[in-house]
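Geometric and topological summary
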Amino acid sequence: MRALNPVRSLALGAGLFASSAFAGDAISQTAKQPINLTAIGMFFIFVLMTLAITYWAASRTKSTADFYTAGGGITGAQNGLAIAGDYMSAATLLGLTAMMYTRGVDAYIYMIAFFVGWPVILFLMAERLRNLGKFTFADITAYRLNQGKVRTMAAISSLVVVCFYLVAQMVGAGQLIKLLFGLDYGIALVVVGALMMVYVTFGGMVATTWVQIIKACMLLFGGTTVVILAMTQFNFSFDELTTRAIDVHKLGTKLLAPGSLLADPVTAISLGLGLMFGTAGLPHILMRFFTVTDAKEARKSVLYASGIVAYFFNVVALMGLAAIIIVGQNPEYFEGGDISGAIIGGGNMVAMHLAKAVGGDILLGFLSAVAFATILAVVSGLALAGASAISHDIYSRVIMKGKATEKAELRMSKFATIGLGIVAVLLGLAFEKMNVAFMVALAFGVAASANFPVLILSMYWKGLTTRGALAGGYLGLFSAVTLVVLSKSVWVDVFGFAAPLFPYTQPALFSMPLAFLATIIVSNMDTSRAAEAEREAFGDQYVRAQTGLGAATASSH
Amino acid sequence: MSSIAYARIRNNPQFAQLVAARGRFAWFLSAIVFIVFFSFVLAVAFAPDFLAQRPFASSNITIGILAGLFQFISFWLLTLMYVRRANGEFDDLNKAIIDAASREDK
């Protein structure tokens, strides 16, 4: 998921870890944990279960509609769980718990920023997405514009988002699995890549959806269990918990007050915008809205998803606070038994240590299996979204101009999945020792700046033309990428320059308005005959968007 | 779907009514979320001391935590309000509009 800083801290932690392991100093002793049999056993059960589901799903995946959108037959409750499963990654569980543990309420503020995009997606987008879309969000942006050009652009920015996100997930996965299961980084990557390819190529969206649903349930169950067990130590009293946490934490009473994290208003607003509208521009999240039967179910999915996400964030917040006392005061979890020193396995292990402290090896094994399952569910959703951009948008609509047979498109989508899987594993191996935090900033930045403005304008603004969409979309893509490259996470951390040229971490506050402006100005200047026809066509599109008349329906089996 | 059906719906005064009512409701709720959330973000940036205050003498809980919890709960309740009204009242009206358009086809 989508935790920006959490992912960053996860990736950063992992990166530091890898480099120290590389240096061969004392810390490298803990880089690879002893092989954890309980965790591997539980994960094995999860894999068997999901493979059985994939086998079942394969028999129901015959058409392109089955492959991309599970035939459009998913219910709102199922989709809500799957969206939550898609949105809450290992970084949510591990990174945000760790952040709460070290920074207190700052992490809670962060979680609100991650949550707040959901109501807005519901109010402004959910029903229109469902009523206008079929397989990819480019179906909507290209609805009344030039198919070839607009789809190509949407597919390019989708693939940029998917690839960077995928690599960030893969690198995090490799580091995490090394820590939790004691497997080699390379082996971990191949296991993740191979399982993802099996789920997606054979089971398509049906299997991916169920992997996400099962994982969401495991995550909710695991997190809730840890919190309940932990809270028994504080008589279920928030005040007892926080009083003891304040006593021992180096922040003292500042633990429960906003700190330095979002002290700069430009950073705070840029981050808020980036998370809010980035979420609304992530292709794998948008795609989930096409899997439900109608606009009614699309709305219900957001209701379930946002409820689950809000609940889980609060669980994570409590986990982080409880860990301050239960993990932070126990020498067993520190290097050399020194509680002022480093946590064994790095900061991201706080949630895992807490599980072990309150529930022994069984709960630790379960939570480790959950973390692995989480990675699989997230990469599967990403791979499917990437594959659909290649096979549906580029191959079927742009190259074959809609003349490809369904069979050929389906075959292409499977090749695309395998291709993406291989690319993800190779890039994951290549970036092992690098800090990949910038990739997540980039994914969100591009989603908010290239995908979101064109998508929302295509649904709301009659005046949008092909030229305007292309200008805004490409400018958004280019400016988001450029600003991230000039920011600290690439300019300083990757290229090694002394100071960043762009002082903020999130480009959205600058690149998103730029994309909107370019789209609107160029559209307004466009006096071509094609533009006239495109504006004319808005009327019919508007009726369909509002009423769902003519919307893609669920395929029957 | 034929352009004629779309044109017919566009000319149906009930359609204008549906679009206006649902749009107003959606933008109203979005505005609440935007205003509350970005006010909170600005408070974090400019008035962290205010958020650090403890409103109850007997509890550690701060205004910042309460504001966060309030947002999680109230934003979710807003989504509940929207879903209930859109899936009920608005969808009934929507169905009536589509039915009217297809009736005229016969």
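Note that the structure is a prediction, hence the values are computed from the model and not measured.

A closer look at the overall build of chain B
In terms of regular secondary structure, chain B is built from 4 helices and 0 strands. Walking chain B from its N terminus toward its C terminus, one meets helices and strands in the order α-α-α-α. Whereas a compact globule of 106 residues would reach a radius of gyration of roughly 13 Å, chain B reaches 22 Å, over 25% beyond that. Overall size of chain B, expressed as C-alpha extent along the three principal axes, is 70 × 25 × 20 Å. Taking all 106 residues of chain B together, 45% fall into the buried category.

Points about the overall build of chain A
Of the regular secondary structure elements, chain A holds 22 helices and 0 strands. For 557 residues, the compact-globule estimate of 2.2 N^0.38 gives 24 Å, and the C-alpha radius of gyration of chain A, at 23 Å, lies within 12% of that figure. Principal-axis analysis of the C-alpha atoms gives chain A an extent of 75 × 50 × 45 Å. A burial count over chain A gives 65% of its 557 residues as buried. Partitioning the contacts of chain A with sequence separation of at least 6, the portion at a separation of at least 24 is 83%. Of the roughly 17,900 Å² of accessible surface on chain A, a fraction of 68% belongs to carbon and sulfur atoms. For chain A, the separation between the mean place of its 35 positive charges and that of its 27 negative charges on side chains is 9 Å.

With respect to a nonpolar patch on the surface
Residue and element names in this part refer to chain A. A contiguous nonpolar patch, built from Ile418, Ile422, Leu426 and Leu429 and spanning about 340 Å² of accessible area, is present on the exposed surface. With respect to the element layout, leucine 426 can be found in helix 16 (residues 406-430). Residue class for leucine 426 comes out exposed when judged on its relative accessible area of 53%.

Considerations on helix 7 (residues 117-132) of chain A
Residues and elements named next belong to chain A. Given a rise of 1.5 Å per residue, 16 residues ought to cover 22 Å, and the 21 Å separating the end C-alpha atoms of helix 7 matches this to within 8%. Of all bends in helix 7, the biggest is about 55°, found at methionine 125. Among the 16 residues in helix 7, 16 count as buried, and that is most of the element.

So, the nonpolar core
All names here are of chain A. Judged by nonpolar contacts, the single largest core of 223 residues is most densely connected at Phe46, Met111, Met125 and Phe289. Considering every element that reaches this core, the biggest residue donor is helix 15 (residues 350-399), with 24 residues. In contact with methionine 125, not counting residues within four places along its chain, are Val120, Ala280, Leu286, Phe452, Leu455, Ile456 and Met459.

Section: the interface of chain B and chain A
On the chain A side, the residues contacting the 49 residues of chain B number 51 residues. With both chains or domains summed, chain B and chain A bury close to 4,600 Å², and 73% of this area falls on carbon and sulfur atoms. If you sort the residues of chain B by the area they bury against chain A, Tyr6, Asn60 and Phe72 of chain B come out on top, with a joint share of 16%. In this structure, the connection of chain B to chain A is made through 4 salt bridges. Lysine 296 of chain A is the salt-bridge partner of aspartate 91 of chain B, the closest N and O atoms lying 3.0 Å from each other. Counting across the chain B and chain A interface gives 17 residue pairs in polar contact (both at pLDDT 80 or more). Mapped by element, the contributors of at least two residues to the side of chain B that touches chain A are helix 1 (3-11), helix 2 (13-46), helix 3 (48-52) and helix 4 (63-103) of chain B. Here the residues of the side of chain B that touches chain A are counted per class, giving 34 nonpolar, 11 polar and 4 charged.

Side note on the confidence of the model for chain A
The predicted structure's coordinates, where accompanied by low pLDDT, should not be read in detail. Residues and elements named next belong to chain A. In this model, chain A carries a mean pLDDT of 87, and residues with pLDDT of at least 70 account for 93%. Mean pLDDT across the secondary structure elements of chain A bottoms out at helix 1 (residues 4-23), with 34, and peaks at helix 14 (residues 295-326), with 96. The low-confidence segment residues 1-30, where pLDDT is below 50, has 77 contacts with residues more than four positions distant or belonging to other chains.

As for helix 1 of chain B
Residue and element names in this part refer to chain B. Within helix 1, burial applies to Ala5, Tyr6 and Ile9. One side of helix 1 holds all its buried residues, which, seen down the axis, span an arc of 100°. The exposed set on the far side of helix 1, more than 90 degrees from its buried face, consists of Ile4 and Asn11.

Topic: the packing of helix 9 (residues 147-181) of chain A against helix 16 of chain A
Residue and element names in this part refer to chain A. Close contact between helix 9 and helix 16 brings their axes to 9 Å; oriented N to C, the two are set at 55°. With respect to helix 16, the element helix 9 is oriented oblique. In this structure, helix 9 crosses over helix 16, and the sense of that crossing is right-handed. Contact residues: helix 9 offers Cys163, Leu166, Val167, Met170 and Val171, while helix 16 offers Leu420, Ala424, Val425, Leu427 and Gly428. Partitioned by chemical class, the residues of the contact of helix 9 with helix 16 number 9 nonpolar, 1 polar and no charged.

Description of unusual backbone geometry
Residue and element names in this part refer to chain A. Positive phi outside glycine occurs at alanine 70, with the angle close to 55°. Tracing the sequence through the fold places alanine 70 in the loop between helix 3 (64-69) and helix 4 (76-87). Its relative accessible area of 11% is what places alanine 70 among the buried residues.

Observations concerning the pattern of salt bridges
Residues and elements named next belong to chain A. Under the definition given, this model contains 14 salt bridges over all chains. Glutamate 127 serves as the salt-bridge partner of arginine 299, at 2.6 Å between the closest nitrogen and oxygen. With arginine 299 in helix 14 and glutamate 127 in helix 7, this pair connects stretches of sequence that are 172 residues apart. Looking at glutamate 127, the relative accessible area reads 7%, which means it is buried.

Describing the UniProt feature "transmembrane region" (unreviewed entry) in chain B
Sites flagged by UniProt as "transmembrane region" (unreviewed entry) map to residues 25-47 and 59-83 of chain B. Segment residues 25-47 of chain B splits into 96% helix and 0% strand. End C-alpha atoms: 32 Å apart.

Details of the confidence of the model for chain B
Residue and element names in this part refer to chain B. For chain B, per-residue confidence averages 91 on the pLDDT scale, and residues scoring 70 or more make up 95% of the total. Confidence, expressed as mean pLDDT per element, reaches its minimum in chain B at helix 1 with 85 and its maximum at helix 4 with 94. This prediction of the complex comes with two scores: 0.89 for pTM and 0.93 for ipTM.

Quick look at the packing of aromatic side chains
Scanning all chains against the criterion turns up 29 aromatic pairs over all chains. Ring centres of tyrosine 504 of chain A and phenylalanine 510 of chain A lie 5.8 Å apart, and the angle between their planes is 20°; on these two criteria the pair is classed as stacked. Members of the aromatic cluster, each reached through a chain of ring pairs, are Phe277, Phe452 and Phe516 of chain A together with Phe34, Phe37 and Phe38 of chain B. When the ring centre of tyrosine 460 of chain A is taken as origin, the NZ or CZ atom of arginine 128 of chain A, which lies over that ring, is 3.9 Å away. Above the face of the phenylalanine 25 of chain B ring, arginine 85 of chain B is positioned so that its terminal group lies 4.6 Å from the ring centre.

Quick notes on the packing of helix 12 (residues 265-279) of chain A against helix 20 (residues 508-525) of chain A
Residue and element names in this part refer to chain A. Where helix 12 meets helix 20, the closest approach of the two axes is 8 Å, and the angle between their N-to-C directions is 55°. Taken together, the axis directions place helix 12 and helix 20 in an arrangement best described as oblique. Here Val266, Ile269, Ser270, Leu273, Gly274 and Phe277 of helix 12 come into contact with helix 20, specifically with Ala508, Leu509, Phe510 and Met512. Its residues assigned to classes, the contact of helix 12 with helix 20 comprises 8 nonpolar, 2 polar and no charged.

Thresholds applied
Residues numbered from 1 in each chain as written. Chains lettered and ligands numbered in written order. Predicted model: local features only at pLDDT ≥ 70, side-chain atom pairs only at ≥ 80, totals over all residues. Heavy atoms only, no water. Helix = DSSP H or I, 4+ residues; strand = E, 2+ residues; numbered from the N terminus. Rg over C-alpha atoms; globule rule 2.2 N^0.38 Å. Buried < 20%, exposed > 50% of the residue type's maximum accessible area, 1.4 Å probe, protein only. Contact = heavy atoms within 4.5 Å. Areas by Shrake-Rupley, 256 points an atom, 1.4 Å probe, with all protein chains shown as cover. Lys, Arg positive; Asp, Glu negative; His and termini not counted. Charge placed at Lys NZ, Arg CZ, Asp CG, Glu CD. Patch = residues over 30% accessible without salt bridge, like charges linked within 9 Å, V, L, I, M, F, W, Y side chains within 5 Å. Salt bridge = Lys/Arg side-chain N within 4 Å of Asp/Glu carboxyl O. Expected span 1.5 Å × (residues − 1). Bend = angle between axes of the 7 residues up to and from the residue. Core = buried A, V, L, I, M, F, W, Y, C linked by side-chain atoms within 4.5 Å. Buried area = accessible area lost by both parts, 1.4 Å probe. Polar contact = N/O pair within 3.5 Å; in protein donor to acceptor, adjacent residues only side chain to side chain. Nonpolar A, V, L, I, M, F, W, Y, C, P; charged D, E, K, R; others polar. pLDDT = per-residue confidence, 0-100. Arc of directions from axis to C-beta. Axes fitted to C-alpha atoms, helices over the stretch in contact; angles between N-to-C directions. Parallel < 35°, antiparallel > 145°, perpendicular 65-115°, else oblique. Left-handed = near helix turned anticlockwise from the far one by under 90°. UniProt positions renumbered as here; feature names shortened; annotations may be inferred. Phe/Tyr/Trp six-rings, centres within 6.5 Å; stacked < 30°, edge-to-face > 60°. Lys NZ or Arg CZ within 6 Å of the ring centre and 35° of its normal.

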